[in-house]
Amino acid sequence: MGLFNKLMSKIFGHAAPATTASASQTAAAAPAAGGTPQTPAAAGSSAPEPAAAPAAPVVDVAAVLNDLAKKNPEKLDWRKSIVDLMKLVGMDSSLTARKQLATELHFTGDMNDSASMNVWLHKQVLIKLAENGGKVPPELLS
């Protein structure tokens, strides 16, 4: 498992379960809403329509990370720091680990310029979380 996938699973694993009705519940309720009653013979002769697959739940990344930050004794600013974000979810945030993550995410800059790499990494991680079902505040994506 790559470092990004590990980071994503740590964040998404802390998310609360979705509270919306699934598509199958909605589909099951639809025939009862109206239409003509079926006779028992007609009901048995037609196959039930397959229910649409429920959409993957959206994980509110900011809510998860804010909740973790409240519980953490260190004051970690995950909104601005890749080091703090990684620490917050219990990952190694060493320069070696960040270089590995940068390689995984195809960083093309100078890895010896850790400040630039960190800024790039932070933004890329948040973009990738959003691309994979995370709800990230827009101001953190630009």
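In this report, the structure presented in the accompanying data block is examined.

### Focus on the overall build of the protein
- Tallying secondary structure elements over the protein gives seven helices and two strands in all.
- Mapped from its N terminus to its C terminus, the protein presents α and β elements in the order α-α-α-β-α-α-α-α-β.
- Per-residue burial over the protein gives 29% buried out of 142 residues.
- Accessible surface, the protein as shown: approximately 9100 Å² in total, 57% of it carbon and sulfur.

### Structural notes on helix H7 (residues 114–131)
- The terminal C-alpha atoms of H7, which comprises 18 residues, lie 25 Å apart, in line with the 26 Å expected from a rise of 1.5 Å per residue.
- Listed as buried for H7 are Met 117, Asn 118, Leu 121, His 122, Gln 124, Val 125, Leu 126 and Leu 129.
- The inward-facing, buried residues of H7 abut helix H1 (3–12), helix H4 (61–71), helix H5 (82–88), helix H6 (95–104) and strand S2 (134–135).
- Among the residues trailing H7, Gly 133 stands out with phi positive, at a value near 100 degrees.

### A short note on the environment of Val 136
- Along the chain, Val 136 falls in the segment after S2.
- Sequence-distant contacts of Val 136, that is, excluding residues within four places in its chain, are made with Val 61, Leu 126, Leu 129, Ala 130 and Leu 141.

### So, the packing of H1 against H6
- Running from amino to carboxyl end, H1 crosses H6 at an angle of 100 degrees, the nearest separation of the two axes being 8 Å. In terms of their interaxial angle, H1 and H6 are classed as roughly perpendicular. Listed contacts from H6 to Leu 3, Phe 4 and Asn 5 of H1 are Ala 97, Gln 100, Leu 101 and Glu 104.
- Residues of the contact of H1 with H6, tallied by class, amount to four nonpolar, two polar and one charged.

### Some words on the nonpolar core
- Ranked by internal contacts, the top residues of the largest apolar core, which has 32 residues, are Leu 7, Ile 11, Leu 65, Trp 78, Leu 101, Val 125 and Leu 129.
- Elements with a contribution of two residues or more to this core: H1, H4, H5, H6 and H7.
- When neighbours within four sequence positions are excluded, Leu 129 is seen to be in contact with Phe 4, Leu 7, Met 8, Ile 11, Phe 12, Val 61, Gly 134 and Val 136.

### Notes on the packing of H1 against H7
- As a packed pair, H1 and H7 sit with axes 11 Å apart at the nearest point and diverge in direction by 60 degrees. You can see that H1 and H7 cross each other, and the crossing is right-handed. In this structure, H1 contributes Phe 4, Leu 7, Met 8, Ile 11 and Phe 12 to the contact, and H7 contributes Val 125, Lys 128 and Leu 129.
- Within the contact of H1 with H7, the residues separate by chemical class into seven nonpolar, no polar and one charged.

### Description of the side chain of Asn 118
- Topologically, Asn 118 is positioned in helix H7.
- Setting aside residues up to four positions removed in sequence, Asn 118 forms contacts with Ile 82, Val 83 and Arg 98.

### As for the environment of Met 8
- Among the secondary structure elements, Met 8 is positioned in helix H1.
- Taking the C-alpha atoms as reference points, Met 8 and Lys 128, 120 residues apart in sequence, are found 8.9 Å from one another.
- With residues near it in sequence (within four places) discarded, Met 8 still touches Gly 13, Leu 129 and Asn 132.

### A look at the side chain of Ser 93
- Counting through the fold element by element, Ser 93 comes out in the loop between H5 and H6.
- Those residues in contact with Ser 93 that sit more than four places away from it in its chain are Val 83, Met 86, Lys 87 and Arg 98.

About the thresholds
Residues numbered from 1 in each chain as written. Predicted model: local features only at pLDDT ≥ 70, side-chain atom pairs only at ≥ 80, totals over all residues. Heavy atoms only, no water. Helix = DSSP H or I, 4+ residues; strand = E, 2+ residues; numbered from the N terminus. Buried < 20%, exposed > 50% of the residue type's maximum accessible area, 1.4 Å probe, protein only. Areas by Shrake-Rupley, 256 points an atom, 1.4 Å probe, with all protein chains shown as cover. Expected span 1.5 Å × (residues − 1). Contact = heavy atoms within 4.5 Å. Axes fitted to C-alpha atoms, helices over the stretch in contact; angles between N-to-C directions. Parallel < 35°, antiparallel > 145°, perpendicular 65-115°, else oblique. Nonpolar A, V, L, I, M, F, W, Y, C, P; charged D, E, K, R; others polar. Core = buried A, V, L, I, M, F, W, Y, C linked by side-chain atoms within 4.5 Å. Left-handed = near helix turned anticlockwise from the far one by under 90°.

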